[in-house]
Amino acid sequence: MRALEEKICKEGKVYPGNVLKVGSFLNHQIDVPFMQLMGEEFHKLFQNEKITKVLTIETSGIPIACMVAQAFGVPVLFAKKNQTKNLSDDCYCTEIHSYTHGNDYQARIERQYLTAEDSVLVIDDFLANGAALVGLMDLIQQAGATCVGCGIAIEKAFQDGGKKLRDSGVRIESLARIASMDPETGIQFVQE
């Protein structure tokens, strides 16, 4: 999606350690009209799939997932990273390592919201090493549901998560694929 690549170049900031900050429109402040364009683009990419739920993980995936779900006319379900008083103990649970935060956490979904009848589209903001997607697909598998694919806003294609998942047969559609990024030389995108 050329518009996303342009927005990343204009508003994104690259930090050491392969960190891309896109807080002006995606991870801190939300550019709602732009999220709607992204949702429409994912709808085009997956329009031939029978989707009953859009699944993401809190927090930054939620705005995009909402726009995708609106385009498909289905609910958004998001995995919670923390056990809270209003979350039942009857949950699917998986452990995920966060590249950004450098820690492990338990992602949870209440069983009543994800069933074997569901056909699920996973949506997330970033794909780097693939741990979040693997965790979300584990939750889908625990429920006996079907994963139709994964939609990613920004893929760090220079890391191996996307390649490993594609090689294992997972359909991944990324709106922007970064080939390299450096605080000095900037961002280069995969040319397809």
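For the structure, see preceding data.
Counting from 1, residues in each chain are numbered in the order their sequence is written. The predicted nature of this model means local features are confined to residues of pLDDT at least 70 and side-chain atom pairs, given and counted, to a pLDDT of 80 or more, with totals for whole chains, interfaces and linings taken over all residues. Neither water nor hydrogens contribute to the side-chain values; these are computed over all heavy atoms in the structure.

*Asks:* How do you make sense of the overall build of the protein chain when you look at a structure like this?
*Replies:* Numbering goes from the N terminus for both helices and strands, where a helix is a DSSP run of H or I of at least four residues and a strand is a run of E of at least two. Secondary structure assignment for the protein chain yields six helices and 10 strands. For the radius of gyration, the atom set is restricted to C-alpha positions; the globular benchmark scales as 2.2 Å times the number of residues to the power 0.38. Taken over the C-alpha trace, the protein chain has a radius of gyration of 16 Å; the compact-globule value for 192 residues is 16 Å, and the two agree within 12%. Overall size of the protein chain, expressed as C-alpha extent along the three principal axes, is 50 × 35 × 35 Å. Burial classes follow relative accessibility: with a 1.4 Å probe on protein chains only, a residue under 20% of its type's maximum area counts as buried, one over 50% as exposed, and anything between as partly exposed. For the protein chain, the proportion of its 192 residues judged to be buried stands at 48%.

*Asks:* Is there a simple way to explain helix H3 (residues 32–46) in this structure?
*Replies:* The periodicity of an α-helix, 3.6 residues per turn, causes residues three or four positions apart to be oriented the same way. Expected span, for any helix, means 1.5 Å times one less than how many residues it has. With 15 residues, H3 should reach 21 Å at 1.5 Å per residue; the first-to-last C-alpha distance of 21 Å fits that figure. All buried positions along H3 are accounted for by Phe34, Met35, Met38, Gly39, Phe42 and Phe46. Seen along its axis, H3 keeps its buried residues to an arc of 145 degrees; they face one direction. For H3, the exposed residues set more than 90 degrees away from the buried face come down to Pro33 and Lys44. Contact partners of the buried residues in H3: helix H1 (2–11), helix H2 (23–27), helix H4 (62–72), strand E7 (119–127), strand E8 (146–156) and strand E9 (172–182). The arc in question is the one traced by the directions running from the helix axis out to the C-beta atoms. A contact between two residues is defined here by any heavy atoms of the two lying within 4.5 Å.

*Asks:* What exactly am I supposed to notice about the packing of aromatic side chains here?
*Replies:* Aromatic rings considered in pairs are described by the distance between their centres and by the relative angle of their planes. Think of it this way: a Phe, Tyr or Trp ring, Trp meaning its six-membered ring, pairs with another when their centres are within 6.5 Å, and the plane angle makes it stacked under 30 degrees, edge-to-face over 60, tilted otherwise. For the structure shown, the criterion picks out one aromatic pair. Seen from their ring centres, Phe25 and Phe34 are 6.0 Å apart, and the 80 degrees between their planes marks the pair as edge-to-face. Accessibility expressed as a relative area gives 0% for Phe25, which makes it buried. Residue Phe34 is classed as buried on the basis of its relative accessible area of 8%. Sitting over the ring of Phe34, Lys7 keeps its end group 5.1 Å from the ring centre. Over a ring means this: the NZ of a Lys or the CZ of an Arg is within 6 Å of the ring centre and within 35 degrees of the ring normal. Taking the ring centre of Tyr105 as reference, the NZ or CZ of Lys81 above it sits at 5.1 Å.

*Asks:* What is the right way to look at unusual backbone geometry in this model?
*Replies:* For residues that are not glycine, phi is negative in most cases, and the peptide bond is trans in most cases. In this structure, Thr59 follows Glu58 across a cis peptide bond, with omega equal to 10 degrees. Mapped onto the fold, Thr59 is located in the loop between strand E3 (53–57) and H4. Of note in the backbone geometry, Asn18 takes a positive phi value of approximately 60 degrees without being a glycine. For Asn18, a relative accessible area of 28% gives the class partly exposed.

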